[in-house]
Structure formats: structure tokens, C-alpha cells
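Remarks on the overall topology
The lines below spell out each chain.
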Amino acid sequence: MRAALSGMPIISKHLGEWRGEYIHIDADGTIVDRHASHLYCRVPEDGSYDILQTNTYTWADGREEAFDFGGKLDADGVCHFDTDRIIGEMSQVDDQTIVLTWSYKNDPDNYLYELIQLSRDGLHKCRTWQWMDGDRLVKRTVINETKVV
């Protein structure tokens, strides 16, 4: 692991492959979408990022999307993301928890708060997103993932 990651030691526990499901719920509690996910989190050898995650989403109808999210850690241990799709940052809260704030570049009024909770054994994580639009909650996303070992 790179020295830069020492500012956010929890990252080492997130490296590797994860499989799970995203469930998107509107503000009234109705499921509006769900799909399978495969995440691959790594430290790129070329040094382009301190952390690089590829998310692949697959729907029951066969549709598939994949996105890369590269981040760089600053001196305070905050990881910053600035991709074609999103901009944001994440911080470690404790030994099991990360908090992210981010927005889509094409819709900056729509911003998200994400909480990632890692299990004590490091084999499971749950994530929740709160989607805000104009400072109003419009959707939540619930994600459960298991590490591929």
C-alpha cells in the first residue's frame, strides 16, 4: 500500500472486489430501481490516483454500465474525487466508517451524502446515499455488498 494511504488507513480494508445490490427508494419509500453491482477497488500501479474504483452495474434486463472513480488523498487524509461524472470528497470517521459528499457535475444542485459502514470482519459493507435536490431529500439508495474472496 502506498504511503499516501496512511492518511486514510481504512482504504486498505476496501481494496479488492465486492459484489452487491443497489436499491433506489424515492422520498415516499417506493423502490424505483434496483440492480446488481460489482466494485473493484485498487491502488493503481502507475500512480495516477491514490485509489481507483471501478463500479459495474447490471440490471435484470441485461443493461450494464461501468464507471471509474479515481481519488487523491491530501495531507489531511481527505480523498478528493474529480471525474468526468462526479466531484466530491470522502473522509474516514472511525475504524469502520467513511463519509462521502459528492455531486454529479451535470447537476450540481443534486448532491449526495454517502455513509459506508464496514463490518468488523471486513467481509461486508453497507452503504446509504441521501440524494438532495435544492436542499430537499428526493431519494435514498441502500447498498449491501460482500467482499469477493
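Relevant structure appears above.
1. Concerning the overall build of the protein chain
For the protein chain, the count of helices and strands is one helix and ten strands. Secondary structure elements of the protein chain, listed N to C terminal, follow the sequence α-β-β-β-β-β-β-β-β-β-β. Against the 2.2 N^0.38 benchmark of 15 Å for 149 residues, the protein chain shows a C-alpha radius of gyration of 15 Å, consistent with a compact globule. Along the first, second and third principal axes, the C-alpha atoms of the protein chain reach 45 × 35 × 30 Å. Expressed as a percentage of its 149 residues, the buried residues of the protein chain come to 38%. For the protein chain, long-range pairs separated by at least 24 residues make up 32% of all intrachain contacts whose partners lie at least 6 apart in sequence. Total accessible area on the protein chain stands at roughly 8300 Å², and carbon and sulfur atoms take up 49% of it. One finds the centroid of the 16 positive side-chain charges in the protein chain at a distance of 4 Å from the centroid of its 26 negative side-chain charges.

2. Topic: a nonpolar patch on the surface
On the surface, V93, V99 and L115 cluster together into a nonpolar patch covering about 220 Å² of accessible area. For V93, a relative accessible area of 52% gives the class exposed.

3. Remarks on a negative patch on the surface
A cluster of acidic residues, D107, D109, D133 and D135, forms a negative patch on the protein surface. Counting through the fold element by element, D133 comes out in strand 9 (residues 124–133).

4. Description of the pairing of strand 4 (residues 64–73)
Strand direction decides the pairing type here: strand 3 (residues 51–58) and strand 4, joined by eight bridges, are antiparallel. The residue of strand 4 that forms the bridge with I51 is G71. Linking strand 3 to strand 4, which pair antiparallel, is a turn of five residues; within it G62 sits at a positive phi near 95°. With three bridges connecting them, strand 4 and strand 5 (residues 79–82) associate as antiparallel partners. Counted as the bridge partner of G71 is F81 from strand 5.

5. With respect to the environment of L115
Structurally, L115 can be placed in strand 8 (residues 107–118). Under the relative-accessibility criterion, L115 is labelled partly exposed at 37%. The spacing of L115 and G134 is 19 residues in sequence and 20 Å in space, taken between C-alpha atoms. With residues up to four places along the chain from it excluded, the contact list for L115 reads T97, I98, V99, C126, R127 and T128.

6. What about the nonpolar core?
M8, C79, F81, M90, L100, W102 and W129 are the most contacted members of the largest nonpolar core, which has 26 residues in total. If one sorts the elements of this core by residue count, strand 7 (residues 97–104) sits on top with four residues.

Rules used in this analysis
- Residues numbered from 1 in each chain as written.
- Predicted model: local features only at pLDDT ≥ 70, side-chain atom pairs only at ≥ 80, totals over all residues.
- Heavy atoms only, no water.
- Helix = DSSP H or I, 4+ residues; strand = E, 2+ residues; numbered from the N terminus.
- Rg over C-alpha atoms; globule rule 2.2 N^0.38 Å.
- Buried < 20%, exposed > 50% of the residue type's maximum accessible area, 1.4 Å probe, protein only.
- Contact = heavy atoms within 4.5 Å.
- Areas by Shrake-Rupley, 256 points an atom, 1.4 Å probe, with all protein chains shown as cover.
- Lys, Arg positive; Asp, Glu negative; His and termini not counted.
- Charge placed at Lys NZ, Arg CZ, Asp CG, Glu CD.
- Patch = residues over 30% accessible without salt bridge, like charges linked within 9 Å, V, L, I, M, F, W, Y side chains within 5 Å.
- Salt bridge = Lys/Arg side-chain N within 4 Å of Asp/Glu carboxyl O.
- Pairing = 2+ DSSP bridges.
- Core = buried A, V, L, I, M, F, W, Y, C linked by side-chain atoms within 4.5 Å.

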